[in-house]
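Each chain, written out:
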Amino acid sequence: MALDPITVEVIRAALNAAAERMRLTMIKTAYNHIISESLDFGCAIFDANVQMIAQGIGLPVFQGHLGFPIEATIQDRGLEAFREGDIFIHNDPYTGNGNHLNDVAMTAPVFWDGRLTGFVSVKAHWSDIGGPVPSSMQVGSREFRQEGLRFQSVRLLSRGELNEEVMRLIRGNIRTESGTLKDVQAMIAVCRVGEASFHEILGRYGRETVLEATAAYMAQSERRTRAALAAVPAGTYRAVGHFDNDGITLDTPVRVAMAIEVRDGHMTVDFTGSDAQVVGPFNCGDAITISACRLLIKCLTTPDDPVDEGCFRPLRVIVPRRSVLAAEEPAPTARYYVPINLLIELGLRALADALPHRIPAGAYGDQMPTIAFGTHPQTGRLFIQGDLNAGGTGALPAYDVESAMIIFAGSTARNNPVEVVESRVPSMRILKYGLRTDSGGAGKFRGGLGIERVYQFLAPTFITFSLERKATPPWGLGGGRDGAVNGVEITSPDGSVRHVRKATQHPIAAGETVCIMSGGGGGWGPPAERDPDAVRRDVCEGYVSAEAARRDYGVLVDGP
């Protein structure tokens, strides 16, 4: 007999609350602020068939593929390898993971009455995983072995006992000052909390009732997703873009091409025509590409609907092997998010023809992670300070949009507060943090603004930069203009300025300032159609300069 709808919803809410408890445990116990403050992680709960049945709030591109490391472990080790109390770690960029080696997935099986009933999983960014440079993330790597340790379904805990041999291996190959070992303990705690919460739900409602409820709401999600796709005009929609380069050959953009076919409640995304995997670290594995496509299909459904495996069933993804979106060994993947960010934006651009009143213009398109490292002035030990940088989102057909937002693929992440950075690294000062005037694309509706964040370094430091979206800037739609592109200015005490887009361990002298300038979103609609009062308000609030108001909108405003 089918369960009543109330029981189904109560169990769904209980499982999602359990996943949220995992998320809060990660925030409260993690050492590095790339996790605790920037929220560079995700967690979820799965059934025994590795179907996601609940998730906490986490990085969207993580949430969409947390099941793949579990499936890779099953394929590699066999289902019988999972025993009560075990925990596995996995970060193979080619099989099951898709992102860089720093993003490590940790999985624990959940047993009930001696039967495997599901899994709990968390993936988080390790601040260092070995390799030649602090943070393990460089722009010039040519193979994965230059980027740190690779874990292929490694048993970290065996029947509840920590495998000290594995920990010795990790400890001996990472920069222990990075705090990674403490984050490993935090991830173990997350798995244990998830397991205990799942047990609580199974004990309250019974195994069969829980599994029947999850099957019911996954079928409901599938029906709603198919209905949303059926409302999209049938057809094939295409877009092509390029990211700037592969970090090695700096004058050669890299092509990403996609065709999205929507028909009869199904969506197929085909990346045929994208470039082959590149020499530098701007590749990704197919697992994260599939996850990015799952974000696209979610954009077409009701945003407030819970996300589970049912949402993904109407999706098919075609990715050419050994392409930049389905790299194979030994291709490096340290900057995997660059093609991922681009393909998500391109997917929205392609669908603009089908849904002209729903799709935004192009966003700034890159998290612009900046990683500073050097000697801590108080401890004399290594510090690693990583920051994500927000930027402008693309305007919508009906209104202006938000400024200073993290890019869509990582939209639940946050930048580090000024107080956190300065308290942890006394040799770094943040002199300015605000919106970047004139960075939003002009239009009937203005694109969101990027940010300016100015660091001053009181002691010699090194920074790894990776800036994108010059080759394919944030585009306008419907006659709107492009947004500003990302940039960095390094100013010496003598006033000389240099610009850097991609560099590993770029030296910063004591007294120099580094200005991070993120791009803005594209505008929507002809600028001449913008309400003059809105332009004047933009000038008054510092979003648009008086000069740009006159040049782009033909509106004269008194001001600098």
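Residues numbered from 1 in each chain as written. Predicted model: local features only at pLDDT ≥ 70, side-chain atom pairs only at ≥ 80, totals over all residues. Heavy atoms only, no water.

> How would you summarise unusual backbone geometry if you had to cite specific residues and measurements?
Geometrically, the link from Glu329 to Pro330 is a cis peptide bond, its omega value of 10° lying close to zero. Tracing the chain through its elements places Pro330 in the loop between β11 (315–318) and α9 (337–351). In the Ramachandran plot, Ser153 falls in the positive-phi region, its phi being about 55° despite a non-glycine side chain. Relative to the assigned elements, Ser153 resides in the loop between β5 (115–125) and β6 (154–158). For Ser153, a relative accessible area of 1% translates into the label buried. (Helix = DSSP H or I, 4+ residues; strand = E, 2+ residues; numbered from the N terminus. Buried < 20%, exposed > 50% of the residue type's maximum accessible area, 1.4 Å probe, protein only.)

> Explain the sheet that holds strand β9 (residues 254–263) residue by residue, including any values.
Pairing is mixed across the open sheet formed by four strands, whose spatial order is β8-β9-β10-β11. In the strand order of this sheet, the two ends are held by β8 (235–243) and β11, each with one partner. On average, each strand axis in the sheet is tilted by 15° relative to the strand beside it, whichever way the strands run. Sheet topology places β9 next to strand β10 (residues 266–270); five bridges connect them, and they run antiparallel. When the sheet's bridge partners are listed, Ala259 is paired in β10 with Asp270. α9 rests against β8 and β9 of the sheet, and its axis sits at about 145° to β8. (Pairing = 2+ DSSP bridges. Axes fitted to C-alpha atoms, helices over the stretch in contact; angles between N-to-C directions. Contact = heavy atoms within 4.5 Å.)

> I'd like a rundown of the environment of Met167, residues and numbers included.
Mapped onto the elements of the fold, Met167 is located in helix α5 (residues 164–171). For the pair formed by Met167 and Val184, sequence separation is 17 residues and the distance between their alpha carbons is 9.5 Å. Not counting chain neighbours up to four residues away, the residues in contact with Met167 comprise Leu156, Leu162, Leu181 and Val184.

> Lay out the sheet that holds strand β13 (residues 382–387) in plain terms, naming residues and giving numbers.
With antiparallel pairing, the four strands of this open sheet are ordered in space as β13-β12-β16-β19. Looking at which strands have only one partner, the edges of the open sheet turn out to be β13 and β19 (502–508). Mean inter-strand twist for the sheet, computed between neighbouring axes without regard to direction, equals 15°. One ladder, built from five bridges, connects strand β16 (residues 461–466) with β19; its direction is antiparallel.

> Give a description of the pairing of β10 that names residues and reports values.
Count of turn residues in the β9/β10 antiparallel hairpin: two residues, of which Asp264 carries a positive phi of about 55°. Pairing geometry for β10 and β11, over four bridges, is parallel. The residue of β11 that forms the bridge with Val269 is Val317.

> Lay out helix α11 (residues 532–541) with the relevant residues and their values.
Residues of α11 that are buried: Ala534, Val535, Asp538 and Val539. Buried residues of α11, viewed axially, fall in a sector of 140°; they line one side. Among the structural elements, α12 (546–553) are those in contact with the buried residues of α11. In this structure Asp531 caps α11, since a side-chain oxygen of it lies 3.0 Å from the backbone nitrogen of Asp533. (Arc of directions from axis to C-beta. Polar contact = N/O pair within 3.5 Å; in protein donor to acceptor, adjacent residues only side chain to side chain.)

> Outline the pattern of salt bridges, listing residues and values.
For the structure on display, the rule yields 33 salt bridges. Taking the shortest distance from any N to any O, the salt bridge between Lys502 and Glu468 comes out at 2.6 Å. Within this pair, whereas Lys502 is found in strand β19, its partner Glu468 is found in the loop between β16 and β17 (487–491), the two being separated by 34 residues in sequence. Each member of the pair, Lys502 as well as Glu468, carries the same accessibility label: buried. Between Arg498 and Glu512 there is a salt bridge, and its shortest N-O distance comes to 2.9 Å. Here Arg498 is found in strand β18 (residues 497–499), whereas its partner Glu512 is found in the loop between β19 and β20 (513–517), with 14 residues between them in sequence. Since its relative accessible area comes to 5%, Glu512 is described here as buried. (Salt bridge = Lys/Arg side-chain N within 4 Å of Asp/Glu carboxyl O.)

> Explain the packing of aromatic side chains to me, and be specific about the residues and the numbers.
We describe a pair of aromatic rings using the distance from one ring centre to the other and the angle between the two ring planes. For the structure on display, the rule yields eight aromatic pairs. Taken together through their ring pairs, the aromatic side chains of Phe82, Phe88 and Phe119 make up a single cluster. The ring of Phe62 has Lys123 lying over it, and the distance from NZ or CZ to the ring centre is 5.5 Å. The cationic tip of Arg453 hangs over the ring face of Tyr433; the distance from NZ or CZ to the ring centre is 4.4 Å. (Phe/Tyr/Trp six-rings, centres within 6.5 Å; stacked < 30°, edge-to-face > 60°. Lys NZ or Arg CZ within 6 Å of the ring centre and 35° of its normal.)

> Can you break down the pairing of strand β2 (residues 52–55) residue by residue, with the values?
As paired elements, strand β1 (residues 41–47) and β2 share three bridges and run antiparallel to each other. Counterpart to Phe46 in the pairing with β2 is Met52. A loop of four residues connects β1 with β2, the two strands running antiparallel in sequence, and Val50 in this loop sits at a positive phi of about 60°.

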